[in-house]
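Commentary on secondary and tertiary structure
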Amino acid sequence: MPTIEVSTDLPADVATALAVSLDLDVERVAGRRHRVRAVPAGGGSRTTGRIAAGERVRWALRLYGVVPLRHTTEILELQPELSGGRARFVDAMVSGAFASFHHEHLFDPLPPGPDGSPRSRSTDRMTWVSPLGPLGRVADVLFVRPTLAGLLRDRNAEIGRRVRTG
């Protein structure tokens, strides 16, 4: 099963980093390159604001500006206070282009910065299975992995901008 793991150090405490990460508007701004947006998906779904456990989001995007994709995820777990000051949430695909898709978001406290300001580390861990067997595995290498890694980098950069500007 393909996996991507990306860690980003943020100039914010764990609670702030988690709150900003749950904001759907972060995805919309960060996903401009692929025209990512949340679209209505019926009851229990959201298109803006902060998402909570049990809520669903239907994402629409255009891969390489051409290929339209739809993907609905649900927040399966939201744990804002774990031992050691950690936090975590998990979203997974309930319908869409993948055979399966799972995204774990981890937040760990870091020692304060030189000026005493709070810091945390956000770690995204994505796993997925593409459809179409061997053809899907080729697509993973050529398109899926680079696109998902780019979306994570853009998303984490936007989270960093938001926590810096408050």
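The structure under discussion appears in the preceding block.
The structure presented is a predicted model; accordingly, all values stated were derived computationally and were not measured. (Residues numbered from 1 in each chain as written. Predicted model: local features only at pLDDT ≥ 70, side-chain atom pairs only at ≥ 80, totals over all residues. Heavy atoms only, no water.)

**Points about the overall build of the chain**
Applied cut-off: Note on conventions: DSSP H or I runs of at least 4 residues are helices, E runs of at least 2 residues are strands, and numbering of each starts at the N terminus. It is over C-alpha atoms that the radius of gyration is taken, and the globule rule equals 2.2 Å times the number of residues to the power 0.38. Residues count as neighbours in contact if any of their non-hydrogen atoms are within 4.5 Å of one another. Note on areas: Shrake-Rupley with a 1.4 Å probe; residue coverage comes only from the protein chains shown.
Scanning the chain for helices and strands turns up three helices and seven strands. Ordered by position in the sequence, the α and β elements of the chain form the string β-α-α-β-β-β-β-β-β-α. For 166 residues, the compact-globule estimate of 2.2 N^0.38 gives 15 Å, and the chain sits close to it at 16 Å. Restricting to contacts in the chain with at least 6 residues of sequence separation, those with at least 24 account for 53%. As displayed, the chain offers around 8,600 Å² of accessible surface, 56% of which is attributable to carbon and sulfur atoms.

**Focus on helix H1 (residues 14–21)**
Test applied: Throughout this description, buried means an accessible area under 20% of the type-specific maximum (1.4 Å probe, protein chains only), exposed means over 50%, and partly exposed covers the range between. In protein, a polar contact means a hydrogen-donor-capable atom and an acceptor-capable atom, both N or O and within 3.5 Å, with residues adjacent in sequence counting only if both atoms are side-chain atoms; elsewhere, any N or O pair within 3.5 Å suffices.
Counting buried positions along H1 yields six of eight residues, so the element is predominantly enclosed. Where H1 is concerned, the buried positions are Val14, Ala17, Leu18, Ala19, Val20 and Ser21. For H1, the capping residue at the N-terminal end is Asp13, with a side-chain oxygen 3.1 Å from the backbone nitrogen of Ala15.

**Describing the packing of H1 against helix H3 (residues 133–165)**
This is how the line gets drawn: Axes, fitted as lines to C-alpha atoms, cover a helix only where it is in contact. Angles between the N-to-C directions of the axes lie from 0 to 180 degrees. To sort the angles, those under 35 degrees are grouped as roughly parallel, those over 145 as roughly antiparallel, those from 65 to 115 as roughly perpendicular, and the leftovers as oblique. Crossing handedness is read from the near helix: turned anticlockwise from the far helix by less than a right angle, it gives a left-handed crossing, and turned clockwise, a right-handed one. Following the grouping adopted for this structure description, the nonpolar residues are Ala, Val, Leu, Ile, Met, Phe, Trp, Tyr, Cys and Pro, the charged ones are Asp, Glu, Lys and Arg, and the polar ones are all others, Gly among them.
Close contact between H1 and H3 brings their axes to 10 Å; oriented N to C, the two are set at 125°. When the axis of H1 is compared with that of H3, the two are oblique. Remark: the crossing between H1 and H3 carries right-handed chirality. In this structure, H1 contributes Thr16, Val20 and Ser21 to the contact, and H3 contributes Arg155, Ile159, Arg162 and Val163. When the residues that make up the contact of H1 with H3 are grouped by side-chain class, the tally is three nonpolar, two polar and two charged.

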